[in-house]
Amino acid sequence: MTIRSHIQEISIRLQQPDTVSPHEAAEMLVKLTALLSSLNSEITEKHYALNVVKVALLTQCKSVSEAKMKAESSSEWLEYKEREMQGKAVEQLIQALKYLIRRLEEEFKQTR
């Protein structure tokens, strides 16, 4: 299962928050936290690869802006941006889950 499919699966599940149990929400939170850790490692690797491309392009191009444009059209840039956006999506899902867990906790306290 890819990172994107994990994110999509949890995102779809959270579209119906009233059907998510506290246990399930906690499991998703743990899964997303582990996923974010892995993503951050990948983001660092992709950023490094992009910087290597930038340095190589700076020596080949006539200007910094030309090198930047070429770097931003490289596969390294695309991979870096994809991971960066996935990381932001995971962070948003983590925030949503934390809110949901707090809400479920409050509902539980009120029913006691």
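Rules behind the numbers
Residues numbered from 1 in each chain as written. Predicted model: local features only at pLDDT ≥ 70, side-chain atom pairs only at ≥ 80, totals over all residues. Heavy atoms only, no water. Helix = DSSP H or I, 4+ residues; strand = E, 2+ residues; numbered from the N terminus. Rg over C-alpha atoms; globule rule 2.2 N^0.38 Å. Buried < 20%, exposed > 50% of the residue type's maximum accessible area, 1.4 Å probe, protein only. Contact = heavy atoms within 4.5 Å. Areas by Shrake-Rupley, 256 points an atom, 1.4 Å probe, with all protein chains shown as cover. Lys, Arg positive; Asp, Glu negative; His and termini not counted. Charge placed at Lys NZ, Arg CZ, Asp CG, Glu CD. Core = buried A, V, L, I, M, F, W, Y, C linked by side-chain atoms within 4.5 Å. Axes fitted to C-alpha atoms, helices over the stretch in contact; angles between N-to-C directions. Parallel < 35°, antiparallel > 145°, perpendicular 65-115°, else oblique. Left-handed = near helix turned anticlockwise from the far one by under 90°. Nonpolar A, V, L, I, M, F, W, Y, C, P; charged D, E, K, R; others polar. pLDDT = per-residue confidence, 0-100. Expected span 1.5 Å × (residues − 1).

Peer 1: What's the story with the overall build of the protein chain in this structure? I'm lost.
Peer 2: Looking only at helices and strands, the protein chain has four helices and zero strands in total. In the protein chain, the succession of α and β elements from N to C terminus is α-α-α-α. The C-alpha radius of gyration of the protein chain comes to 20 Å, more than 25% above the 13 Å expected for a compact globule of 112 residues. Dimensions of the protein chain, computed from the C-alpha atoms along their principal axes, are close to 70 × 25 × 20 Å. Within the protein chain, buried positions represent 29% of all 112 residues. Long-range pairs, those at least 24 residues apart, make up 72% of the contacts in the protein chain with a sequence separation of at least 6. Surface summary for the protein chain: the accessible area is close to 7800 Å², and the carbon and sulfur share equals 56%. The protein chain carries 16 positive and 16 negative side-chain charges, and their two centres are separated by 4 Å.

Peer 1: Teacher, can you tell me more about the nonpolar core here?
Peer 2: Grouped burial of nonpolar side chains is what soluble globular proteins tend to show. Counting residues in hydrophobic clusters, the biggest one holds 18 residues, and the most contacted among them are L14, L32, V90, L97 and L100. Where this core is concerned, the elements lending two or more residues are α1 (3–13), α2 (22–60) and α4 (75–111). In terms of residue count, the dominant contributor to this core is α2 (seven residues). When near neighbours in sequence (up to four residues on either side) are disregarded, L100 contacts L14, P17, V20 and A25. Judged by nonpolar contacts, the second largest core, of eight residues, contains I43, L50, C61 and A71.

Peer 1: Hey, could you run me through the packing of α1 against α4 in this one?
Peer 2: The axes of two packed helices give the description: the angle between them and the distance between them. The contact between α1 and α4 brings their axes to 11 Å, and the two run at 25°. Here α1 lies roughly parallel to α4, going by the angle between them. In the crossing of α1 with α4, the sense of the turn from one axis to the other is left-handed. Of the residues in α4, those in contact with I3, R4, I7, I10 and S11 of α1 are E82, Q86, A89, V90 and L93. A class-by-class count of the residues in the contact of α1 with α4 yields six nonpolar, two polar and two charged.

Peer 1: What is the right way to read the confidence of the model for the protein chain from this model?
Peer 2: Should the pLDDT be low somewhere, the predicted coordinates at that spot are not to be read in detail. Averaged over every residue, the pLDDT of the protein chain is 93; the share at 70 or more is 100%. Across the protein chain, the element-wise mean pLDDT spans from 91 in α1 up to 95 in α2.

Peer 1: What is the right way to read α4 from this model?
Peer 2: Counting along an α-helix, one turn takes 3.6 residues, and residues three or four places apart therefore face a common direction. The terminal C-alpha atoms of α4 lie 54 Å apart, and with 37 residues this matches the ideal 54 Å at 1.5 Å per residue to within 8%. For α4, every residue scored as buried is listed here: Y80, R83, E84, Q86, G87, V90, L93, I94, L97, L100 and L104. Residues of α4 that are buried in the fold lie against α1 and α2.

Peer 1: Sorry if this is basic, but what is going on with α2 here?
Peer 2: For α2, built from 39 residues, the straight-helix expectation of 57 Å at 1.5 Å per residue is met to within 8% by its first-to-last C-alpha distance of 56 Å. Of the positions making up α2, those classed as buried are A25, M28, L29, L32, L35, L36, L39, I43, L50, V53 and L57. Contacts made by the buried residues of α2 are with α1, α3 (64–71) and α4.

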